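A look at the structure
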Amino acid sequence: MVRCVSYADAQDVFQETFLKYATHTNVSFQSQEHVKAWLLRVAMNACTDVARRNARRAESVLDEGAYWPAAEEDQPDRAMESQEGVKEVLKAIQSLDDPPRTPVYLAIVEEMPAPQIAQIMGAPVNTVYSWISRGKKQLRKMLGR
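In this text, all values refer to a predicted model and were calculated from it rather than measured experimentally.

**As for the overall build of the protein chain**
Looking only at helices and strands, one finds six helices and zero strands in the protein chain. In the protein chain, buried positions account for 28% of the 145 residues. When contacts within the protein chain are restricted to residue pairs at least 6 apart in sequence, long-range pairs at least 24 apart make up 58% of them. Approximately 10,000 Å² of the protein chain is accessible, and the part contributed by carbon and sulfur atoms is 51%.

Structure representation (structure tokens):
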């Protein structure tokens, strides 16, 4: 399943596809080629659903705020400063239009590569690179850097 982002997603799609095939009773297939085409279409639709679900999950993280690990206990002042900086960057990312908000979030916070983001968003890779570049420029301007 090349269209799925992760191996676990591909396994889920595989299982879902064949579960639908096993429980499918209202259509009679005309040939083995018809079965094959039906299975491929169901799998492709399931991959699209997984990509949408992942994209929605990323957007909801942007809306709710991200989880940031606890600061190091041995340097509380420095940790507080870094947490404030992270919050400031996250707020700036949230204020971006979409795109580039989602691709920038996925690239910076989730550390996803552009080809994977392109697959999730259903956009060409070079377009994703442009969105990320444009978003980073906007962030620098917002943050005064």
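**Details of the packing of aromatic side chains**
Counted by the stated rule, this structure contains four aromatic pairs. Seen in terms of ring centroids, Y21 and F29 are 6.0 Å apart; in terms of plane orientation they differ by 35 degrees. Their pairing is tilted. Given the relative accessible area of 33%, Y21 is considered partly exposed. Overall, the relative accessible area of 25% leaves F29 in the partly exposed class. Seen from their ring centres, Y21 and W38 are 6.1 Å apart, and the 50 degrees between their planes marks the pair as tilted. Of this pair, Y21 sits in helix 1 (residues 7-23) while W38 sits in helix 2 (residues 32-64), placing them 17 residues apart in sequence. The exposure class assigned to W38 is buried, which follows from its relative accessible area of 17%. Every member of this aromatic cluster is reached through a ring pair, and the members are Y21, F29 and W38.

**Focus: the nonpolar core**
Formed by 16 residues in total, the largest nonpolar core has its most connected members in I93, V104, Y105, I117, V128, I132 and L139. Looking at this core, the elements that each hand over two or more residues are helix 3 (76-94), helix 4 (101-108), helix 5 (114-121) and helix 6 (125-143). If you tally residues by element for this core, the top one is helix 6, at five residues. V13, A43, A46 and V50 belong to the second largest nonpolar core, which has five residues in total.

**Topic: the pattern of salt bridges**
Evaluated as defined, the whole model comprises one salt bridge. The salt bridge partner of E16 is K20, with a shortest N-O separation of 3.6 Å. Within this pair, E16 and its partner K20 are both found in helix 1, separated by four residues, close to a single helical turn. Classification of E16 by relative accessible area gives partly exposed; the value is 29%.

**A word on the environment of V50**
As for its placement among the helices and strands, V50 is situated in helix 2. Using a relative accessible area of 5% as the deciding quantity, one classes V50 as buried. Residues contacting V50, with those up to four places away along its chain left out, are D9 and V13.

**A word on the environment of L39**
By the secondary structure assignment, L39 is in helix 2. Along the primary structure L39 and T17 are separated by 22 residues, whereas in three dimensions their C-alpha atoms are 6.7 Å apart. Every residue in contact with L39, bar those within four places of it in the chain, is listed here: T17, F18 and Y21.

**Let's talk about the packing of helix 5 against helix 6**
Where helix 5 meets helix 6, the axes come as close as 8 Å, and the angle between the chain directions of the two elements is 105 degrees. Judged on the interaxial angle alone, helix 6 and helix 5 are roughly perpendicular. Side by side, helix 5 and helix 6 meet where A114, P115, I117, A118 and M121 of the first sit next to V125, V128, Y129, W131 and I132 of the second. Here the contact of helix 5 with helix 6 is built from residues that sort into 10 nonpolar, no polar and no charged.

Parameters at a glance
- Along each chain, residues carry numbers from 1 onward, in the same order as the chain's sequence is written.
- Since the coordinates come from a predicted model, pLDDT governs what is reported: local features require at least 70, and pairs of side-chain atoms require 80 or more to be given and counted, while whole-chain, interface and lining totals use all residues.
- With hydrogens and water stripped out, all remaining heavy atoms of the structure feed into the side-chain values.
- Helix and strand assignments follow DSSP, with helices taken as H or I runs no shorter than four residues and strands as E runs no shorter than two, numbered in order from the N terminus.
- Only protein chains enter the accessibility calculation, which uses a 1.4 Å probe. A residue is then buried if its area is under 20% of the maximum for its type, exposed if over 50%, and partly exposed in between.
- Note on contacts: a residue pair qualifies if any of its non-hydrogen atoms lie within 4.5 Å across the two residues.
- Note on areas: Shrake-Rupley, 1.4 Å probe, and residue coverage restricted to the protein chains presented here.
- Each Phe, Tyr or Trp ring, with Trp reduced to its six-membered ring, pairs with another whose centre is within 6.5 Å; inter-plane angles below 30 degrees give stacked pairs, above 60 give edge-to-face pairs, and intermediate values give tilted ones.
- By nonpolar core is meant a set of buried Ala, Val, Leu, Ile, Met, Phe, Trp, Tyr and Cys residues that side-chain atoms within 4.5 Å join together.
- Any Lys or Arg side-chain nitrogen found within 4 Å of a carboxyl oxygen on Asp or Glu counts as a salt bridge.
- Note on geometry: axes are lines fitted to C-alpha atoms, helical ones only across the stretch in contact, with angles between N-to-C directions running from 0 to 180 degrees.
- Under this scheme an angle from 65 to 115 degrees is roughly perpendicular, one under 35 degrees roughly parallel, and one over 145 degrees roughly antiparallel; angles in between are oblique.
- Three classes are used: nonpolar for Ala, Val, Leu, Ile, Met, Phe, Trp, Tyr, Cys and Pro, charged for Asp, Glu, Lys and Arg, and polar for all others, with Gly counted as polar.

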